[in-house]
Amino acid sequence: MPIVEDRLFRKIKKLTGKAIGDFNLIEEGDRIAVAVSGGKDSWTLLHILDSLRRRAPVRYELIAVNIDPGFPGYRTDIMEAHLKEHGFACRMERTDCAAIIREKLRPGSSFCAFCARLRRGVLYSVATELGCNKLALGHHLDDFVETLLLNQFYVGTLAAMSPKLLADNGRHTVIRPMVYVEESDIAAFSRNNALPLIPCGCPEEIRTDQNRQKMKRLVSQLSADIPNLRSSLIGALGNVQPRHLLDANLKDFSSAAPD
């Protein structure tokens, strides 16, 4: 079934294109590995990037990459069928992450965080093998906002995510083109197009990140009184005023004269 190119599609496409332009996320000759998990976010990212690619002023390639963590019931066959139906180049990578987690996870450590680190490592390896210089992830505006609040409330840092950064391996650039797209629009896009949402099969899946869920509820509650809350918070990440912060690395407090 073809993707419905309605008003919502055009809105997401426009916002994604704006982020690509604002942060120079895609350049001539890029070969981009798009991490596809089977969730609404990664499906939306893949389809939107493909649509943008067809009329982009620069030439770039997309390869959908799925990392199968090895949990029972993870339906990669459904995922692969959708990718082939829409003509995407793809790589389905089976791993033993599930066994490694069972063996290596320390008591009290986060199951999901450990799994994510393992899968990210495999993603980098596959991207290298495929000759990809960039890795595209499906994080959206709500993810950025929630991470900002999580870091302030629980870590004591003023930080969120970056739409573009050099990966830890020093070889790949990680991009997040949906930084301006709200999760509610992605959910609606997914429903409208009956995208095949594939649960990861993780035995811990029902134990969601409780702190992140608290941030999600807080943002939702505040948005009832402050309709532009999300756009204001994402705007704040690009409007930093170092003079009004407490970080001595950003401001010399030893100076006698005020700045």
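Our subject is the structure that appears above.
Heads up: these notes are all about the structure in this document.

Conventions we followed
Residues numbered from 1 in each chain as written. Predicted model: local features only at pLDDT ≥ 70, side-chain atom pairs only at ≥ 80, totals over all residues. Heavy atoms only, no water. Helix = DSSP H or I, 4+ residues; strand = E, 2+ residues; numbered from the N terminus. Rg over C-alpha atoms; globule rule 2.2 N^0.38 Å. Buried < 20%, exposed > 50% of the residue type's maximum accessible area, 1.4 Å probe, protein only. Areas by Shrake-Rupley, 256 points an atom, 1.4 Å probe, with all protein chains shown as cover. Pairing = 2+ DSSP bridges. Axes fitted to C-alpha atoms, helices over the stretch in contact; angles between N-to-C directions. Contact = heavy atoms within 4.5 Å. Salt bridge = Lys/Arg side-chain N within 4 Å of Asp/Glu carboxyl O. Polar contact = N/O pair within 3.5 Å; in protein donor to acceptor, adjacent residues only side chain to side chain. Expected span 1.5 Å × (residues − 1). Right-handed = clockwise from strand over helix to strand, strands pointing away.

A short note on the overall build of the chain
Stage number 1. Scanning the chain from terminus to terminus reveals 9 helices and 6 strands.
Stage number 2. A globule of 259 residues ought to have a C-alpha radius of gyration of about 18 Å, and the chain, at 20 Å, matches this closely.
Stage number 3. With the C-alpha coordinates of the chain rotated into their principal frame, the extents come out at 65 × 50 × 40 Å.
Stage number 4. Buried residues in the chain amount to 42% of all 259 residues.
Stage number 5. Here the chain has roughly 14300 Å² of accessible surface; of this, 52% comes from carbon and sulfur atoms.

A closer look at the sheet that holds strand S5 (residues 164-166)
Stage number 1. The mixed open sheet is built from 6 strands, whose spatial order is S3-S2-S1-S4-S6-S5. Strand pairing shows two members of the sheet lacking a second neighbour, strand S3 (90-94) and S5, which therefore form its edges. For this sheet the average axis-to-axis angle between neighbouring strands, irrespective of direction, equals 25 degrees.
Stage number 2. Here 3 bridges tie S5 to strand S6 (residues 173-175), and the two strands are oriented antiparallel to one another. Across the sheet, Lys164 pairs through a bridge with Ile175, a residue of S6.
Stage number 3. Here helix H2 (residues 40-54) sits on the sheet and contacts strand S1 (30-35), strand S2 (60-68) and strand S4 (134-136); the angle it forms with S2, its principal contact strand, is near 165 degrees.
Stage number 4. Packing against the sheet, helix H3 (residues 76-85) makes contact with S2 and S3, and its axis sits at approximately 170 degrees to S3.

Some words on the pattern of salt bridges
Oppositely charged side chains can pair when the atoms bearing their charge come close.
Stage number 1. Going through the model one piece at a time under the given rule, you end up with 19 salt bridges.
Stage number 2. Among the ionic pairs, Arg31 bridges to Glu61, the shortest N-O distance being 2.8 Å. With Arg31 in strand S1 and Glu61 in strand S2, this residue pair connects regions lying 30 residues apart in the sequence.
Stage number 3. Classification of Arg31 as partly exposed rests on a relative accessible area of 23%.
Stage number 4. Three or more residues are tied together by salt bridges with common partners; here these are Lys40, Asp41, Glu146, Glu183, Arg212 and Lys216.

What about the environment of Thr16?
Stage number 1. Position of Thr16 among the secondary structure elements: in helix H1 (residues 7-23).
Stage number 2. We classify Thr16 as buried; its relative accessible area is 1%.
Stage number 3. Ignoring anything within four residues of it in the chain, the contact list for Thr16 reads Ile48, Leu49, Leu52, Pro177, Met178 and Val181.
Stage number 4. Polar contacts involving the side chain of Thr16 include one to the main-chain carbonyl oxygen of Ile12, which spans 2.8 Å.

A short note on H1
Stage number 1. The end-to-end C-alpha separation of H1 is 24 Å, in line with the 24 Å expected for 17 residues at 1.5 Å each.
Stage number 2. Those residues of H1 hidden inside the fold are in contact with H2 and helix H7 (183-192).
Stage number 3. Asn24 sits one or two positions beyond H1 and adopts a positive phi of about 50 degrees.

Quick word on the side chain of Thr44
Stage number 1. Inspection of the secondary structure puts Thr44 in helix H2.
Stage number 2. If we skip the residues at most four places from it in the chain, Thr44 touches Ile12, Met178, Ile186, Phe189 and Leu195.

A few points about the pairing of S2
Stage number 1. Of all 9 residues making up S2, 8 are buried, and the element is well covered by its neighbours.
Stage number 2. Pairing analysis gives 6 bridges linking S1 to S2, with the strands arranged parallel. Residue Ile32 lies in a different strand from S2, and its bridge partner there is Leu62.
Stage number 3. Each parallel crossover has a hand, and the one from S1 via H2 to S2 is right-handed.
Stage number 4. Pairing of S2 with S3, which is carried by 5 bridges, proceeds in the parallel orientation.

Focus: the side chain of Asp185
Stage number 1. Inspection of the secondary structure puts Asp185 in helix H7.
Stage number 2. At 2.8 Å, the side chain of Asp185 forms a polar contact with the side chain of Lys11.
Stage number 3. Setting aside residues up to four positions removed in sequence, Asp185 forms contacts with Leu8, Lys11 and Ile12.

A word on the environment of Asp77
Stage number 1. With respect to the element layout, Asp77 can be found in helix H3.
Stage number 2. When the C-alpha atoms of Asp77 and Met92 are compared, they prove to be 9.6 Å apart, with 15 residues separating the residues in sequence.

Regarding the pairing of S1
Stage number 1. The element S1 is extensively covered by neighbouring structure, given that 5 of its 6 residues are classed as buried.
Stage number 2. Here S1 runs beside S4; their pairing, made up of 3 bridges, is parallel. Bridging from a neighbouring strand, Val34 pairs with Ala136 of S4.

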